[in-house]
Amino acid sequence: GLTGNIATGKSAVRKMCEHLGAFGIDADLLANRAISKGAPGFLPVVEMFGPWLIGSDGQIDRAKLGRLVFSDPDALGRLAAIVHTLVIEAINILVKRSEQRFIVIEAIKLIESGLANQCDSVWVTTASPEQQLERLIHNRKMTKETAVERINAQPSQHQKIQQADIIIRNSGSFDE
């Protein structure tokens with residue numbers, strides 16, 4: 001299991017493992033698919049938060065949803081209650097179907113969801129808050145205010161580090 005807070009380099013580590021032959025699973029991608037139009041989480045999310053979330057393309061506007069849930073911990077919890085079960089079910093199916101010996105499950109909520117209990121080892125990526133902020137602003141084109149809101153919406157990195165078997169300190173460049 002691979003976890004860490006936002007913009008700490010989880011995806012980079014997963015991709016490195018995939019390059020070495022691991023089967024990688026991206027829980028964030030599965031969460032996005034779980035709430036796409038026609039998927040099992042679409043209607044529950046729209047019913048929970050309202051049809052104003054639906055964009056002109058008929059899909060849930062993730063930017064609107066993000067602004068809502070990252071500014072309201074209760075809303076984030078209600079979204080997680082819908083999505084986490086669907087994501088864990090999808091992960092379990094993918095793990096069972098995988099033929100690779102080494103599987104990397106990248107999940108920002110690996111520990112909080114209980115998914116870490118299904119993993120042989122928990123790896124945690126960390127980065128300084130300044131590095132997280134810089135990455136969110138430069139790489140994901142977030143405003144400083146939005147980036148700070150996203151960072152502050154998560155549990156402290158220290159909580160995840162305490163549960164780690166392996167800690168990957170990732171405050172440097174990609175090459176480092």
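Everything here concerns the structure above.
Residues numbered from 1 in each chain as written. Predicted model: local features only at pLDDT ≥ 70, side-chain atom pairs only at ≥ 80, totals over all residues. Heavy atoms only, no water.

Caption draft 1: A look at the packing of aromatic side chains. All told, the structure shown has one aromatic pair when counted by the stated rule. Taking 6.2 Å as the distance between ring centres and 50 degrees as the angle between the ring planes, the aromatic pair formed by F102 and W123 counts as tilted. One end of the pair, F102, is in the loop between α5 (73–97) and β3 (103–106); the other, W123, is in strand β4 (residues 123–126), with 21 residues separating them in the sequence. We classify F102 as partly exposed; its relative accessible area is 41%. (Phe/Tyr/Trp six-rings, centres within 6.5 Å; stacked < 30°, edge-to-face > 60°. Helix = DSSP H or I, 4+ residues; strand = E, 2+ residues; numbered from the N terminus. Buried < 20%, exposed > 50% of the residue type's maximum accessible area, 1.4 Å probe, protein only.)

Caption draft 2: Seen up close, the packing of helix α6 (residues 129–138) against helix α7 (residues 144–152). Where α6 meets α7, the axes come as close as 9 Å, and the angle between the chain directions of the two elements is 130 degrees. It follows from the interaxial angle that α6 and α7 lie oblique. Relative to α7, the crossing made by α6 is right-handed. Contacts between α6 and α7 pair P129, Q132, L133, L136 and I137 from the former with K144, A147, V148 and I151 from the latter. (Axes fitted to C-alpha atoms, helices over the stretch in contact; angles between N-to-C directions. Parallel < 35°, antiparallel > 145°, perpendicular 65-115°, else oblique. Left-handed = near helix turned anticlockwise from the far one by under 90°. Contact = heavy atoms within 4.5 Å.)

Caption draft 3: Region of interest: α6. Within α6, the full set of buried residues consists of Q131, Q132, L133, R135 and L136. Buried-residue contacts for α6 involve α7 and α8 (157–161).

Caption draft 4: Main features of the packing of helix α3 (residues 42–49) against α5. One can describe the packing of α3 onto α5 by two numbers: an axis separation of 10 Å at closest approach and a directional angle of 155 degrees. When the interaxial angle is binned, α3 and α5 end up roughly antiparallel. Considering how the two elements wind past one another, α3 and α5 form a crossing that is right-handed. Of α5, the residues touching α3 (which contributes P44, V45, M48 and F49) are A75, R78, L79 and I82. The class makeup of the residues in the contact of α3 with α5 is seven nonpolar, no polar and one charged. (Nonpolar A, V, L, I, M, F, W, Y, C, P; charged D, E, K, R; others polar.)

Caption draft 5: α5, seen in detail. Given a rise of 1.5 Å per residue, 25 residues ought to cover 36 Å, and the 35 Å separating the end C-alpha atoms of α5 matches this to within 8%. Along its length, α5 reaches its greatest deviation from straightness, about 30 degrees, at V83. Of all the positions in α5, only A75, L76, L79, A80, I82, V83, L86, V87, I88 and I91 are classed as buried. Buried residues along α5 sit against β2 (23–26), α2 (27–34), α3, α4 (62–69) and β3. In this structure D72 caps α5, since a side-chain oxygen of it lies 3.0 Å from the backbone nitrogen of D74. (Expected span 1.5 Å × (residues − 1). Bend = angle between axes of the 7 residues up to and from the residue. Polar contact = N/O pair within 3.5 Å; in protein donor to acceptor, adjacent residues only side chain to side chain.)

Caption draft 6: Structural detail: the pattern of salt bridges. All told, the structure shown has five salt bridges when counted by the stated rule. One salt bridge connects E18 with R14, and the closest N-O pair in it is separated by 3.0 Å. One end of the pair, E18, and the other, R14, are both in helix α1 (residues 10–19), four residues apart, so they sit about a helical turn from each other. Among the residues examined, R14 registers a relative accessible area of 8% and is labelled buried. Note that R14 is salt-bridged to E106, the shortest N-O span being 2.4 Å. (Salt bridge = Lys/Arg side-chain N within 4 Å of Asp/Glu carboxyl O.)

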